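Next come the chains, spelled out residue by residue.
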Amino acid sequence: MTYKSTKRLLAAVLFFLSILFVPANVLAQGEVYNIYEIGKGEILKTKYRYIEYLYDGLLAAIPYMPGVEDYDWSNLTGVIDFGENSIVPFKYRNIHALKGNPDLRLMTVSDGRSVMLYRLKGSLFERVTPVSGWKFHGIPGNDSIVFTSGGVENHIINIKNGAYTPVTHSLRATLYDRFLEFKGDGGRGLLNLKGEVVVPAAYYRIMPYEGSYIFLERGSKGDTIGILNRHAEIIIPPVFRDVIKGRNRFFVRSFNNGRKLRLPEKAIEEVSDWKATWNKKAQKWYSLNAKQINQLGLVGAFDLSGKLVIPFVYDYLRTGVDTEIIASKSSKVGIISEDGKVLINFMYQSIESAFDSYYVAKLGAKKRVLGRGGKPVFGEVFDDVFFLSAEKVLLLRQGQWFLCDLRKPGVLTKTGLTRESRLQYLYEYPSSNEYGKHKTDKYTYFEYRKNGKYGIIDDNLKVVVSSIHDHTPTFYFGKFFEFNVRPGGSAYTLKGKFMEGLGTVTSADFESSRISNAIICHKNKKYGVIDLDGNELIPFEYTFISHIDGKRFVVSK
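Note that this is a predicted model, so its numbers are computed, not measured.

Would you explain the pattern of salt bridges in this entry?
Opposite charge on two side chains permits pairing when their charged atoms draw close. Applying the stated criterion to the full structure yields 24 salt bridges. Between Glu42 and Lys557 there is a salt bridge, with the nearest N and O atoms lying 3.9 Å from each other. Of this pair, Glu42 sits in strand β2 (residues 41-42) while Lys557 is found in the segment after β50 (552-556), placing the two residues 515 residues apart along the sequence. Glu42 sits in the partly exposed class, given a relative accessible area of 38%. As a salt-bridge pair, Arg188 and Glu181 come within 3.5 Å of each other at their nearest N and O atoms. Three or more residues are tied together by salt bridges with common partners; here these are Glu42, Glu541 and Lys557.

Looking at this structure, I do not really get the sheet that holds strand β29 (residues 342-348). What am I missing?
The strands that make up a sheet pair up through hydrogen bonds in the backbone, lying either parallel or antiparallel. Read across the sheet, four strands follow the order β26-β27-β28-β29 without closing on themselves; strand pairing throughout is antiparallel. Across the chains shown, the open sheet's two edge strands, defined by having one partner strand only, are β26 (316-319) and β29. Strand-to-strand, the axes of this sheet are offset by a mean angle of 20°, without reference to chain direction. Judged from the three bridges that link them, strand β28 (residues 332-336) and β29 form a sheet pairing that is antiparallel. Within β29, the residue paired with Ile336 across the bridge is Val342.

Before we go on, may I ask you to explain empty space enclosed by the protein in this structure?
Where empty space is left can be seen by rolling a probe of water-molecule size over the atoms. Within this structure, the stated rule accounts for five cavities of 30 Å³ or more. By volume, the largest cavity is sized at about 50 Å³. Lining the largest cavity, in full, are Gly246, Arg247, Asn248, Arg249, Phe251, Thr319, Asp322, Thr323, Glu324, Ile325 and Glu338.

Teacher, can you tell me more about the sheet that holds strand β30 (residues 350-354) here?
An order of β30-β31-β32 is seen for the three strands of this open sheet, with the pairing classed as antiparallel. Among the strands making up the open sheet, the edge pair consists of β30 and β32 (366-370). Ignoring which end each strand starts from, the neighbouring axes of this sheet average 20° apart. Sheet topology places β30 next to strand β31 (residues 358-363); five bridges connect them, and they run antiparallel. Opposite Ala354, over in β31, you have Tyr358 as the bridge partner.

How should the environment of Asp339 be read in this particular structure?
With respect to the element layout, Asp339 can be found in the loop between β28 and β29. A relative accessible area of 54% means that Asp339 is categorised as exposed. Asp339 sits 90 residues away from Arg249 along the chain, and the two C-alpha atoms are 9.4 Å apart. In this structure, Asp339 is in contact with Arg249, Val309 and Ile310, ignoring residues within four places of it in sequence.

Would you take a moment to explain the environment of Glu196 for this structure?
Mapped onto the elements, Glu196 comes out in the loop between β16 (187-192) and β17 (197-203). Between the C-alpha atom of Glu196 and that of Phe179, which follows or precedes it by 17 residues, the distance is 9.8 Å. Non-local contacts of Glu196, meaning those with residues more than four positions away in its chain, are made with Leu190 and Leu191. Only 2.7 Å separates the side chain of Glu196 from the side chain of Asn192, close enough to count as a polar contact.

What's the story with unusual backbone geometry in this structure? I'm lost.
Phi at Asn94 is positive, roughly 50°, even though this residue is not glycine. As for its position among the elements, Asn94 is in strand β6 (residues 86-97). Judged by its relative accessible area of 22%, Asn94 is partly exposed. Even without being a glycine, Ser331 presents a positive backbone phi close to 70°.

Looking at this structure, I do not really get the pairing of strand β18 (residues 205-209). What am I missing?
Both faces of the sheet carry side chains from a regular strand, because those side chains alternate between them. With four of five residues buried, β18 lies mostly within the body of the structure. With five bridges connecting them, β18 and strand β19 (residues 213-218) associate as antiparallel partners. By the bridge assignment for β19, Arg205 is matched with Glu217. Taking the residues that link successive antiparallel strands as the turn, the β18-β19 hairpin has three residues, and the phi of Glu210 there is positive, at about 55°.

For this particular structure, what's the right way to read the packing of aromatic side chains?
Aromatic rings considered in pairs are described by the distance between their centres and by the relative angle of their planes. Applying the stated criterion to the full structure yields 27 aromatic pairs. Arranged with centres 6.0 Å apart and planes meeting at 65°, the rings of Tyr92 and Tyr118 form a pair that is edge-to-face. Of the two residues, Tyr92 is situated in strand β6 and Tyr118 in strand β8 (residues 115-121); the sequence distance between them amounts to 26 residues. With respect to class, Tyr92 is no different from Tyr118; both count as buried. Grouped by ring-pair contacts, the aromatic residues Phe355, Phe386, Tyr425, Tyr443 and Phe446 constitute a single cluster. A cation over an aromatic ring shows up here: Arg218 above the ring of Tyr203, its NZ or CZ 5.4 Å from the ring centre.

Would you take a moment to explain the side chain of Asn229 for this structure?
With respect to the helices and strands, Asn229 occurs in strand β20 (residues 224-229). Assessed through its relative accessible area of 15%, Asn229 is described here as buried. At 2.9 Å, the side chain of Asn229 forms a polar contact with the side chain of Glu233. Once residues lying within four places of it in the same chain are set aside, the contact partners of Asn229 are Ser212, Tyr213, Ile214 and Ile235.

Sorry, what's going on with the side chain of Thr77 here?
Tracing the sequence through the fold places Thr77 in strand β5 (residues 77-81). A polar contact of 3.3 Å, which involves the side chain of Thr77, links it to the backbone nitrogen of Asn94. Excluding its chain neighbours within four sequence positions, the residues that come into contact with Thr77 are Ala61, Ile62, Pro89, Phe90, Lys91, Tyr92, Arg93, Asn94 and Ile95.

How do you make sense of the pairing of strand β14 (residues 170-175) when you look at a structure like this?
Sheet analysis places β14 next to strand β15 (residues 179-184), joined by five bridges and oriented antiparallel. Among the inter-strand pairings, Thr174 is bridged to a residue of β15, identified as Leu180.

Please clarify how the environment of Glu181 should be interpreted in this entry.
Positionally, Glu181 belongs in strand β15. With relative accessibility at 1%, the residue Glu181 sits in the buried group. For the pair formed by Glu181 and Leu191, sequence separation is ten residues and the distance between their alpha carbons is 6.4 Å.

Rules and cut-offs
Residues numbered from 1 in each chain as written. Predicted model: local features only at pLDDT ≥ 70, side-chain atom pairs only at ≥ 80, totals over all residues. Heavy atoms only, no water. Salt bridge = Lys/Arg side-chain N within 4 Å of Asp/Glu carboxyl O. Helix = DSSP H or I, 4+ residues; strand = E, 2+ residues; numbered from the N terminus. Buried < 20%, exposed > 50% of the residue type's maximum accessible area, 1.4 Å probe, protein only. Pairing = 2+ DSSP bridges. Axes fitted to C-alpha atoms, helices over the stretch in contact; angles between N-to-C directions. 1 Å grid on protein atoms, 1.4 Å probe; cavity = no way out; pocket = protein on both sides within 12 Å on 5 of 7 lines; lining within 4 Å. Points joined across faces, edges and corners; volume = space filled by probe spheres on them. Contact = heavy atoms within 4.5 Å. Polar contact = N/O pair within 3.5 Å; in protein donor to acceptor, adjacent residues only side chain to side chain. Phe/Tyr/Trp six-rings, centres within 6.5 Å; stacked < 30°, edge-to-face > 60°. Lys NZ or Arg CZ within 6 Å of the ring centre and 35° of its normal.

Encoded structure:
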């Protein structure tokens, strides 16, 4: 695919997988488990073969029993609290918290043949529904519905009134609080929570998009793309090469090369059945043409209701300042309004937006800073321009970088940075930033390259980590930096303190992201926890660590 943010798609795919395949523990479990409380150490007196935090201070636990070889097939699981008081007797199998919606405070219990749904009501541990299944899932934001997956017959269950609907489809994931993705012979589709098909099983991929839309890919490899709203109503039919959302517009790339082709009805139906399924009125679109399938089509824009408002005449469209749009036409770049009116003529080689406030426009070997509507900010052009924030910009002139506070654009202050000093935006990992939005956030740290070596500099141009590294840095979870994630990489705190001998837990990224004041690390093949200044909070003695609440962790030696 072209003109598509790989990070956007990867993030959405990982979100889907996390719903169905969140493991009970992130790292391989050892033999004996405990709870480590920072400042107190291990707080449980009994040895446990397995511990999982459930909710509200409750733990699913299996006591360690010498001679037992297979705990998964032994009815030894119960529920305790941090004081080791017995809440549910140790006579059940594989108790886990319900995935997908922890606010429901439900648990799944296996009897070796299937999984059942339970809740703790006072001292009573009771089944929620007579329905059993292979896996149970909650739906984020929905306090009434759960569903089962993985079986020949699955169910959608209303836990408030007890009603349940059997479905023969293979359920896969949730979309928002109202749809379930299923897999059929023709691909993937959507059910509503009544079990009714609202999107036929004809798609390669279906995923949430931009918080309130549904992204469709059709074909054996996601060849054509479209958009539904959160009610599964068609906005952009899935017959286009790519779709990217701006602020108030969808930027859509066609397959054809600019000639305004109107395909016959039969040709459209060969590409997609969207018209027959969703639209009452027959429509024709500029779209797939077999002779031009490998050519890069031109781009137009639809409003959020699906009306074409900017014709397919542009090389690309990108989000500009406010509602303005950066547009390329015949390899020259200008700025247009969201209705297609030209605001800046197509004369530049490139235009980039910065922090939703300014533009950096390149003309020849020089760069110019423009404001909203294309108004020049400075009366001169520069060799290079780098925005630190919406208020501060670096300007390269005669081999020297000057700092300007844009609230006082007439004052330029010389810095110690020269032409050889290279700065790049240091994106936080994992990041929700998407194509067209990567310079709208506030940045505190920047990648700093000098003489071919990499370091880190802050927004006040103070060096945090010296430029002594051969690899570019990664900024993890807003907590620490690492140069080269392979074994032997160099990790630093936000204050630039070298974390000697430590490595980050690559396979436990999700665990580290949940902790606001600490980092799970490893040292000499053992795991421990440090604070953001590099001080040891949990000693490096464990083969497994899982975060609970910031001060307590499940640990195993």
